[in-house]
Amino acid sequence: MGSLDLLRARLVVQTGIKAQAQLAGLWQQWGDLIWWQTDLGAVAANLVLHSGFQVESVQVQRLAALMKWQQRPAGWLVWPDQAAEYLQPALVANGFYHCENIRLLSAAAEKLSIKKLSKNIFISHEPENIIQPLGLNQQHLFSEFLVSCHAIPNSFAHVVAEAFLAQKLTESPAINLDYAPVFSSWAVYQAGKPVASITACLLKDKSQLIGGLLWLGTLAEWRRMGFARQLTAHACGWLLANGVNFVYVQSSRAAIQLYLDLGFRENGNLELWNWWP
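Residues numbered from 1 in each chain as written. Predicted model: local features only at pLDDT ≥ 70, side-chain atom pairs only at ≥ 80, totals over all residues. Heavy atoms only, no water.

(A) Structural view of the pattern of salt bridges. For the structure shown, the criterion picks out five salt bridges. A salt bridge links Asp205 to Arg8, with the shortest nitrogen-to-oxygen separation between them at 3.0 Å. You can see Asp205 sitting in strand S8 (residues 193–205) and its partner Arg8 sitting in helix H1 (residues 3–21), a full 197 residues away along the chain. One exposure class covers both Asp205 and Arg8, and it is buried. Taking the shortest distance from any N to any O, the salt bridge between Glu266 and Arg103 comes out at 3.0 Å. Pair noted here: Glu266 is in strand S11 (residues 265–275) and Arg103 is in strand S5 (residues 97–108), with a separation of 163 residues, a long-range link. On the basis of relative accessibility, which here comes to 39%, the residue Glu266 falls in the partly exposed class. On the basis of relative accessibility, which here comes to 19%, the residue Arg103 falls in the buried class. (Salt bridge = Lys/Arg side-chain N within 4 Å of Asp/Glu carboxyl O. Helix = DSSP H or I, 4+ residues; strand = E, 2+ residues; numbered from the N terminus. Buried < 20%, exposed > 50% of the residue type's maximum accessible area, 1.4 Å probe, protein only.)

(B) Geometry of helix H7 (residues 227–241). With 15 residues, H7 ought to run about 21 Å at 1.5 Å a step, and its terminal C-alpha atoms sit 21 Å apart, in line with that. Listed as buried for H7 are Phe227, Leu231, Thr232, Ala233, Ala235, Cys236, Trp238 and Leu239. Count one or two residues on from H7 and you reach Gly243, which has phi positive near 85°. (Expected span 1.5 Å × (residues − 1).)

(C) Quick look at unusual backbone geometry. Notably, Lys206 is not glycine yet its phi reads approximately 60°, a positive angle. Inspection of the secondary structure assignment puts Lys206 in the loop between S8 and strand S9 (208–218). Of the residues examined, Lys206 reaches a relative accessible area of 77% and is grouped as exposed.

(D) Summary view of the nonpolar core. Leu213 and Phe264 are the most contacted members of the largest nonpolar core, which totals 72 residues. With eight residues, helix H6 (residues 154–165) is the single largest residue contributor to this core. For Phe264, the contacting residues outside a window of four places in its chain are Leu105, Ser106, Ala107, Leu112, Leu213, Cys236, Val247, Tyr248, Val249 and Tyr259. Counting residues in each nonpolar core, the second largest holds 16 residues, with Leu33, Ala64, Trp76 and Phe96 among its members. (Core = buried A, V, L, I, M, F, W, Y, C linked by side-chain atoms within 4.5 Å. Contact = heavy atoms within 4.5 Å.)

See the structure below:
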């Protein structure tokens, strides 16, 4: 993965987390170390997002010890361009363990193939199964969905829902990007409740418009029905319509093929390390 792609992938991750940090906890920075500190009781809500390129091991030790001392679930992201030989021993020494490898993927706008992704995907034409935008009036339903789908605490789900739904979108959201990123979320409904959802992020990196895909998920009983693929195609279509040059996403191993079918390419692994009290 090129250094520019990594910088932009980090920017997408940090943008999503920073929107949540405006509502809860503290956004912390100590030199090259960047983390979000909360009492929301979830790994993703007490997370080290970046720990520099040549950070001294003593700094890593101190921050790892601080995260442990708080006695709350904590996470630490180790990026492909970071010095793992410094980070991993310090994390292990403080009780962190390697949880999973998150795949990093990116796509240039001209490489995306929305039609290919949508081909042969069955979506019922019943009104409740049509993709619908999520707004502030659906915040409670969205929060309940996040709890069920992503197994996160209610308090954290409320923060995520408010962060992503708080904006009132204009017809041309790109005009606001000099001031703040823009989020848009959609869901597939069944019996009046979301059963699958995705959030897209539109932001500016210098002169380039870039997009990110966040928090894609489907309730267990509604998987393998094409909802995730249809939502992903819809979100990418929205990003393309707003002029993005590149799109970035972090994926579990299970969802890799979905993104490859759309035209994304793999760019390495983002390691997630966890600590539990």
